[in-house]
Amino acid sequence: MLRRLPFSLTRAAALTLGAGLAASSALFVGVSHLEYDNLALSFSQRADQRVATVRQGLHDAVEVVTVTNQLFALGAPVTRAQFQDFTAPLLLRHPFIKAFNYHRIVPDSERAAVEAELQKIVPGAVIHEEQGGKQVPAARRPTYSIVDYLVPMGGNEAAFGFDSGTRAPINAALARAHAERRAAATPLFRLVQDPSPQPSFQVILPVYDAKGRLIGDTAVVVRAQELVSMALAGAGLLDDGQIVMSVYAGARPDPADLVFTTSATGARPQRELLGSWIAPEHEAYAARTLDVAGRPWLVEVATKPRPFVADHLASLAMLAGGILLTLMTTAWVQASGARARRVQQLVRKRTADLKRTNRRLVDDMVARERTEKALQQSEQRFRQLVSMSSDWYWEQDKQFRFTMVTGGFSEKAGILVESLLGKTRWEFIPSLGDTERGRTHIAQVRDFQPFNDFEYQLQDDTGQTRWFLVNGQPMFDEQGQFAGYRGTGSDITERKLTEQRVHHVAQHDALTGLPNRSLLQDRLGQAVAYATRSGSPMWVMLIDLDRFKFVNDSMGHKAGDVLLMTVAARLRSSLRDADTVARLSGDEFVVIVSETGEQQLTPDIVQRVMNAVAQPVMLGTKEFFVTCSIGVSVFPSESTAADTLIEHADIAMYRAKKLGRNNFQFYTPAMNEESLERVRIESALRNAVERNEFVLYYQPQLDMKTGKICGMEALIRWQHPELGMVPPSRFIGIAEETGMIVSIGAWVLRTACAQNKAWQDAGFDKLRVAVNLSARQFGAADLIENLAAVLQDTGLEPKYLEIELTESLFMSDITPAVDLLHRMKALGVNLSIDDFGTGYSSLSYLSRFPIDVLKIDRSFVADITRDANDEAIVTSIIALAHNLKLAVIAEGVETGEQLDYLRRHGCDEMQGYYFSRPLPAQEFEQLLIEGRGLAPEEVAVEEEAVSAV
């Protein structure tokens, strides 16, 4: 006979216990999956951050070689010094770079000469290669690809002169770079200059000559491990010990290609056992393949295993709580079962049963009333929330017709509800089917799909445009049949208007309201596409205001802003509505005009724009006249591609500036050559003073009465090692624009004074030397101090220095110019007006300025024997100067007739090719030794001089 246990669970309690444990376990697994999803998201973000950091570091290496290659792409030969100066800052900025190389292709016929050149830099250097781990002279072959330029040299001497053509990986990378016309990376290899192997690679970019022939390549030698370590350390990503990361210089995790790893063993971390059982699909591991200049790199990221409890406190707490609640519920069910058994024993007691039944009925009625009241309160709260919110609630029947719209729709949307009921949304808004987005929405609704954030616009009952956003969910009956839609809607008009304002501000200039550079590029792309499609030309005009800086400096930036807004309005009014007027920067505007059937593009359009700008402008109480210079580029044309239209218009505009401003020029290929010439001159000009490339020539000035040399004018020349003797006309204008004229002028002043003092100390006659002063020097705050310092340092007496000034230097602001000239005169120097008669030639400033000499411009002297007008001008200048007690020097005297005319009309001094061209210092000194001067018959006789006209 079986012995009855003292305690046993009822069936209900056992089912409750089993269901509770099963539910708790399922909930535990579900929450664990959510926790794993959060861990996966966090790991993905950290992995992506590290991959992005490594990608940026590798991109920097490729960008460095691209920037270095641009040095050779300019076309001018690059010296070792230029290569050193250009790459030295890049080495400091990118310490992971082992060296910058320029591999030069050398024919075997030039090997001896090249090795001699290498030995001048590193004694004993020859073209060599690596055999058996040793450096040996390279075997004879048709060509060599040697390491010619190497920065830094220290620590890399073993690579200098190395024939990289013997390295197959380098040859393969160069061939790929040459074929694809972009940078190419090599596999990892050992550097010849490293005593111990280190994982390194090169990024190579070909170098071509002017004819497009391959002459070598520029390369950056990168220590791969340092690059990755520095990139991660710079981003603070090496401090996270939980992340394990490995980087391979290949597409597969080959240990031979391992560049960097934070794993002590190099193996991928294993997951903890419980996590692999609960969520086998979750694995904290990511692998990304990067393209490094045409080669794949593999980046692996994983996390170290952590105790399950550390990342799953919530799920464990929920499991423990579920078990506890299950046990409590089971105990309650068990107790209820026991109570039910006791009730069964009292079934016979009808009275008690009826009372119990009646009590339960009463309780049910009370509970039903309480439930109905709660439902009414809930519906009332819902209606109140809908009325207080900015949204409304709507329903549609199975034919998608609106049956109900609540929540104050009429007040919020400005549309009567009655006009909407009984219609579908596309019947109420017929234009909805005209857009791709609207058609997609209609198809989505007809497929009974839910939709969110659908935006559309329409006009309300007052005619104003409104924007609405709606969300909807399909409804289905108990049989699963479609019953209609329900959803919410809201008015987003204010948000849309704000977005439009933000978009307008982002693409328009804040001052003038014109399109800015961003919108200009979009409009230019549209105009180019139209011109390409229609075959009709389009023009790009770049407009630069003349003397705008003068307005800002003299009248303030507020007046400058008024001028810019006025010019912007005039440009818009002078062109068609279809044309684009944009502000590029500062005082530069861009106009895009396209040819249409009713209007052909002619220069009259450009002239109309210039005329509109040239109208007077009232700035405060002053009337100001502004002009502009315009450059025009045409598309399509053989010399102008679509992406260079603005650049070519800019080049043409500078040509217009150079031709005297207030004109327009169409771009021609010759202008681009001038622009490149300017770049070459400007680049070479920056170091000309330090390299002592400037020399001074001296043109003698002769006294017309005695025939003797009484002075000389110092004229600069540029002896460039490659360009030869560069005349001033090629570089003075560039020096003025870039500001380099200040240092050049200071050198001229000091050199001329020192040379004059040296000649005086050598026993020659004391002559004065004339030096031209540029506009930038004249405007310098320390001009007087510099003049005094030069005179003191050289020991030249001030009276033997003559400063030549042009009229345009001081005519913009007379008052401070008068003070400055008197301060210069107080030093004891002589002052002369150069090129007199070609500028303002105001008589008032001659009486106010402490001028000693007037120099008649050579343009008047050239035709004094043939042109009556020039003859009258020269005669008047001489008479005017003598009446003001000023001396007169005539420039450009080239014939005896000119000399005779000047002598007869009382000119004091002359200079020109008739007597001597400008001479180097040694030849001028020989002229002084010989005591040359004018012939006796060329010297003026006192009685013949004409003192006045």
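Asker: How should I be thinking about the overall build of the chain in this particular structure?
Answerer: Within the chain, the secondary structure is distributed over 29 helices and 33 strands. Relative to its length of 949 residues, the chain is extended, with a C-alpha radius of gyration of 45 Å against a globular reference of 30 Å. For the C-alpha atoms alone, the extent of the chain along its principal axes is close to 165 × 90 × 55 Å. Expressed as a percentage of the 949 residues in the chain, the buried residues total 42%. Residue pairs at least 24 apart in sequence account for 63% of intrachain contacts in the chain once pairs closer than 6 positions are excluded. As displayed, the chain offers around 50100 Å² of accessible surface, 54% of which is attributable to carbon and sulfur atoms. Here the chain contributes 99 positive and 116 negative side-chain charges, whose respective centroids are spaced 15 Å apart.

Asker: Which parts of the structure should I look at to understand unusual backbone geometry?
Answerer: Outside of glycine, negative phi angles account for most residues, and trans bonds account for most peptide bonds. Here Val151 and Pro152 are connected by a cis peptide whose omega angle stands at 0°. Looking at the element boundaries, Pro152 is found in the loop between β4 (143-151) and α4 (168-180). A cis amide bond, omega -5°, links Phe635 with the succeeding residue Pro636. By secondary structure assignment, the location of Pro636 is in the loop between β22 (628-635) and α18 (645-658). Look at Arg181: it is not a glycine, yet its phi comes out positive at around 55°. Along the chain, Arg181 turns up in the loop between α4 and β5 (184-185).

Asker: Just to check I follow, could you spell out the sheet that holds β4 for this structure?
Answerer: One key point about sheets: their strands pair by backbone hydrogen bonds, in either a parallel or an antiparallel sense. Reading across from one edge, β4-β1-β7-β6-β5 is the order of the 5 strands in this open sheet, with antiparallel pairing throughout. Two strands lie at the open edges of the sheet, namely β4 and β5, each paired on one side alone. Of the strand pairs in this sheet, strand β1 (residues 97-107) and β4 are connected by 8 bridges, and their pairing is antiparallel. Within the sheet, the bridge partner assigned to Arg104 lies in β4 and is Ile146.

Asker: When you look at the confidence of the model for the chain in this model, what are you seeing that I'm missing?
Answerer: In regions of low pLDDT, the predicted coordinates are not meant to be interpreted in detail. In this model, the chain carries an average pLDDT of 82, and 90% of its residues clear a pLDDT of 70 or more. Overall, residues 941-949 carries pLDDT values under 50, and its contacts beyond four positions in sequence, including any with other chains, amount to 11 contacts.

Asker: Please clarify how the state of the cysteines should be interpreted in this entry.
Answerer: As used here, a disulfide is simply a covalent bond connecting the sulfur atoms of two cysteines. In the structure shown here, the tally under the stated rule is 0 disulfides. Unpaired in terms of disulfides, Cys753 finds its nearest cysteine sulfur in Cys710, a separation of 17 Å.

Asker: Would you explain the side chain of Glu129 in this entry?
Answerer: Along the chain, Glu129 turns up in strand β2 (residues 128-131). Take Glu129: its relative accessible area is 5%, and that puts it in the buried class. A distance of 2.9 Å separates the side chain of Glu129 from the side chain of Arg141, its partner in a polar contact. With near-sequence residues (within four places) excluded, Glu129 lies in contact with Lys134, Gln135, Val136, Pro137, Ala138, Ala139, Arg141, Phe162 and Thr166.

Asker: What am I meant to see in the side chain of Asn756 here?
Answerer: By the secondary structure assignment, Asn756 is in helix α21 (residues 741-761). For Asn756, the contacting residues outside a window of four places in its chain are Met712, Leu767, Arg768, Val769, Leu796 and Tyr800.

Asker: Please explain the nonpolar core as it appears in this structure.
Answerer: Looking at soluble globular proteins, one finds that nonpolar side chains tend to be buried together. Counting residues in each nonpolar core, the largest one holds 79 residues, and the members touching the most others are Trp718, Phe778, Leu801, Ile803, Met824, Leu902 and Phe924. Top contributing element to this core by residue count: α21, with 7 residues. If we ignore the near neighbours within four places in the chain, the residues touching Leu902 are Met704, Val861, Ile864, Val874, Ala890, Val893 and Cys907. Val54, Phe83, Ala284 and Ala293 belong to the second-largest nonpolar core, a separate cluster that totals 48 residues.

Asker: Is there a simple way to think about the pattern of salt bridges in this case?
Answerer: Opposite charge on two side chains lets them pair, provided their charged atoms get close. Taken as a whole and judged by the stated rule, the model has 36 salt bridges. One salt bridge connects Glu455 with Arg495, and the closest N-O pair in it is separated by 2.5 Å. Of the two residues, Glu455 sits in strand β14 (residues 451-459) while Arg495 sits in helix α13 (residues 493-507), which places them 40 residues apart along the sequence. The class of Arg495 is partly exposed, set by a relative accessible area of 37%. A salt bridge links Asp852 to Lys825; the shortest N-O distance between them is 2.5 Å.

Asker: Teacher, can you tell me more about the packing of aromatic side chains here?
Answerer: The description of an aromatic ring pair rests on the distance of the ring centres and on the angle between the ring planes. For the structure on display, the rule yields 27 aromatic pairs. Ring pairing ties together the aromatic residues Trp394, Phe400, Phe402, Trp426, Phe448, Phe451, Phe476, Phe482 and Tyr485, which thus form one cluster. Seen from the ring of Tyr208, Arg181 lies directly overhead, with NZ or CZ sitting 4.3 Å from the centre. Lying over the aromatic face of Phe915, Arg932 brings its terminal NZ or CZ to 5.3 Å of the ring centre.

Asker: Would you take a moment to explain helix α14 (residues 517-534) for this structure?
Answerer: In an α-helix, one full turn covers 3.6 residues, which means residues spaced three or four apart are oriented alike. Its 18 residues give α14 an end-to-end C-alpha distance of 25 Å, which sits within 8% of 26 Å, the value for a rise of 1.5 Å per residue. Turning to α14, its buried residues are Leu519, Leu520, Leu524, Ala527, Val528 and Ala531. Looking at where α14 begins, the residue whose side-chain oxygen comes 3.2 Å from the main-chain nitrogen of Ser518 is Asn516. One or two residues past the end of α14 sits Gly535, with phi positive at roughly 80°.

Asker: Can you walk me through the environment of Ser683 in this structure?
Answerer: Mapped onto the elements, Ser683 comes out in helix α19 (residues 669-685). Taking relative accessible area as the criterion, Ser683 reaches 48% and is therefore assigned partly exposed. Along the chain, Ser683 and Gly620 lie 63 residues apart, while their C-alpha atoms are 43 Å from each other.

Asker: Is there a simple way to think about helix α12 (residues 436-446) in this case?
Answerer: Looking only at α12, the buried set comprises Gly438, His441, Ile442 and Val445. End-on view of α12: buried residues confined to an arc of 100°, all on one side of the axis. Looking at the buried positions of α12, the neighbouring elements they touch are α11 (425-428), β14 and β16 (482-491).

Asker: So what exactly am I meant to see when it comes to a nonpolar patch on the surface here?
Answerer: A cluster of nonpolar side chains, namely Leu21, Ile323 and Leu327, defines an oily patch on the protein surface of about 230 Å² accessible area. Along the chain, the position of Ile323 falls in helix α8 (residues 313-345).

Asker: In this structure, what is going on with the sheet that holds β16? I would like to understand it.
Answerer: Strands sit in the order β13-β12-β16-β15-β14 across an open sheet of 5 strands; the sheet is antiparallel. Looking at strand neighbours, the two that pair on one side only are β13 (402-406) and β14, the edges of this open sheet. Geometrically, the sheet is characterised by an average inter-axis angle of 25° between neighbouring strands, direction not taken into account. For strand β12 (residues 391-396) and β13, the ladder comprises 4 bridges, and the chain directions are antiparallel. Its bridge partner lying in β13, Tyr393 is registered against Thr406. Across the sheet, α12 touches β14 and β16, and the angle it forms with β14 is around 130°.

Asker: What exactly am I supposed to notice about the environment of Ala175 here?
Answerer: With respect to the element layout, Ala175 can be found in helix α4. Remark: the alpha-carbon pair of Ala175 and Leu205, spanning 30 residues in sequence, is separated by 9.9 Å.

Asker: Any chance you could explain the environment of Ala649 here in plain terms?
Answerer: With respect to the helices, strands and loops of the structure, Ala649 is situated in helix α18. Excluding residues within four positions of it along the chain, Ala649 makes contact with Val540, Leu542, Gly631, Val632 and Ser633.

Conventions adopted
- Residues numbered from 1 in each chain as written.
- Predicted model: local features only at pLDDT ≥ 70, side-chain atom pairs only at ≥ 80, totals over all residues.
- Heavy atoms only, no water.
- Helix = DSSP H or I, 4+ residues; strand = E, 2+ residues; numbered from the N terminus.
- Rg over C-alpha atoms; globule rule 2.2 N^0.38 Å.
- Buried < 20%, exposed > 50% of the residue type's maximum accessible area, 1.4 Å probe, protein only.
- Contact = heavy atoms within 4.5 Å.
- Areas by Shrake-Rupley, 256 points an atom, 1.4 Å probe, with all protein chains shown as cover.
- Lys, Arg positive; Asp, Glu negative; His and termini not counted.
- Charge placed at Lys NZ, Arg CZ, Asp CG, Glu CD.
- Pairing = 2+ DSSP bridges.
- pLDDT = per-residue confidence, 0-100.
- Disulfide = S-S within 2.5 Å.
- Polar contact = N/O pair within 3.5 Å; in protein donor to acceptor, adjacent residues only side chain to side chain.
- Core = buried A, V, L, I, M, F, W, Y, C linked by side-chain atoms within 4.5 Å.
- Salt bridge = Lys/Arg side-chain N within 4 Å of Asp/Glu carboxyl O.
- Phe/Tyr/Trp six-rings, centres within 6.5 Å; stacked < 30°, edge-to-face > 60°.
- Lys NZ or Arg CZ within 6 Å of the ring centre and 35° of its normal.
- Expected span 1.5 Å × (residues − 1).
- Arc of directions from axis to C-beta.
- Patch = residues over 30% accessible without salt bridge, like charges linked within 9 Å, V, L, I, M, F, W, Y side chains within 5 Å.
- Axes fitted to C-alpha atoms, helices over the stretch in contact; angles between N-to-C directions.

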